[in-house]
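Survey of secondary and tertiary structure
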Amino acid sequence: MAWAFSLSAECGSDERDARQFAEYFEGISYLLSNGCECKCCTDLFQDLEENWWCRVGFNHLSEVGIESAESAYLMTELGILLYQSLQFATTFRYALVGVEVDEFRTYSELMEELPSLLIPGLVVARSFEQELGMLSGFRAFSADYIWQPYGGDVYNPLMVSPILKNKLDELLSVG
């Protein structure tokens, strides 16, 4: 199973908005501190509510998630670069950077959960506050967007090591 690191943005019901968003990111390259160049590749898809999403993925990047402290560092570095670009992107309703963030919430799910939702890195249009009232935990991201600040990506050895996971399972089964 692939665990892709990406930026996913929900752009609403108009496919043109998603296409413009994709055009903004298509072909942008980021040079990471380890010398790796990550070039943006985009694709569009619709969710169950027929809203359009743009996924911004990368070449030469792990598809197994965060497998080491180094990969956590590099994905966090790339995440910061993506958020810097996102501040100037074309219109979208909400977006998130991370591992497996495709369709992390449909619009109706987000609207229902947003007042109590805590997702570090979540960027939403300021219009959400106009509809829902003041959103705690959010702060200014850009002129038209607010966010719950990004916390970076974390290496969790229990997620990637079957040996450690089995040892923990043995420990938990005692008692």
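Thresholds, definitions, all that
- Position numbers for residues start from 1 in each chain and track the written sequence from start to end.
- Given that the model is predicted, a residue must reach a pLDDT of at least 70 before its local features are reported, and side-chain atom pairs must reach 80 or more before they are shown or counted; all residues, however, enter totals for whole chains, interfaces and linings.
- Values shown for side chains rest on all heavy atoms present in the structure; no hydrogens or waters enter the calculation.
- Only DSSP runs of H or I with at least four residues qualify as helices, and only runs of E with at least two residues qualify as strands; both kinds are numbered from the N terminus onward.
- Given a helix with a known number of residues, its expected span is that number minus one, times 1.5 Å.
- A 1.4 Å probe rolled over the protein chains alone gives each residue an accessible area, and that area as a share of the maximum for its type sets the label: buried under 20%, exposed over 50%, partly exposed in between.
- When the centres of two rings from Phe, Tyr and Trp lie within 6.5 Å, Trp using its six-membered ring, the rings pair. Their planes under 30 degrees apart give stacked, over 60 give edge-to-face, and anything left gives tilted.
- In this analysis the charged atom, NZ for Lys or CZ for Arg, is taken to sit over a ring once it is within 6 Å of the ring centre and within 35 degrees of the ring normal.

Regarding helix α6 (residues 162-173)
Spanning 12 residues, α6 covers 16 Å between terminal C-alpha atoms, matching the ideal 16 Å at 1.5 Å per step. The buried fraction of α6 amounts to 0 of the 12 residues, a small share that puts the element mostly on the outside.

Re the packing of aromatic side chains
Here the structure, examined in full by the defined rule, presents 14 aromatic pairs. With a centroid separation of 6.2 Å and 75 degrees between ring planes, the pair formed by Tyr94 and Phe128 is classed as edge-to-face. Of this pair, Tyr94 sits in strand β5 (residues 94-99) while Phe128 sits in helix α4 (residues 127-132); the two residues are 34 residues apart in sequence, bridging distant segments of the chain. Under the relative-accessibility criterion, Tyr94 is labelled buried at 0%. Geometrically, the ring pair formed by Tyr107 and Phe128 is edge-to-face, given 6.0 Å between the ring centres and 80 degrees between the ring planes. In this pair, Tyr107 sits in helix α3 (residues 107-113) while Phe128 sits in helix α4, placing the two residues 21 residues apart along the sequence. By the ring-pair criterion, three or more aromatic residues cluster together here, those being Phe45, Trp53, Tyr94, Phe104, Tyr107 and Phe128. Lying across the ring of Tyr107, Arg93 places its NZ or CZ 3.8 Å from the centre.

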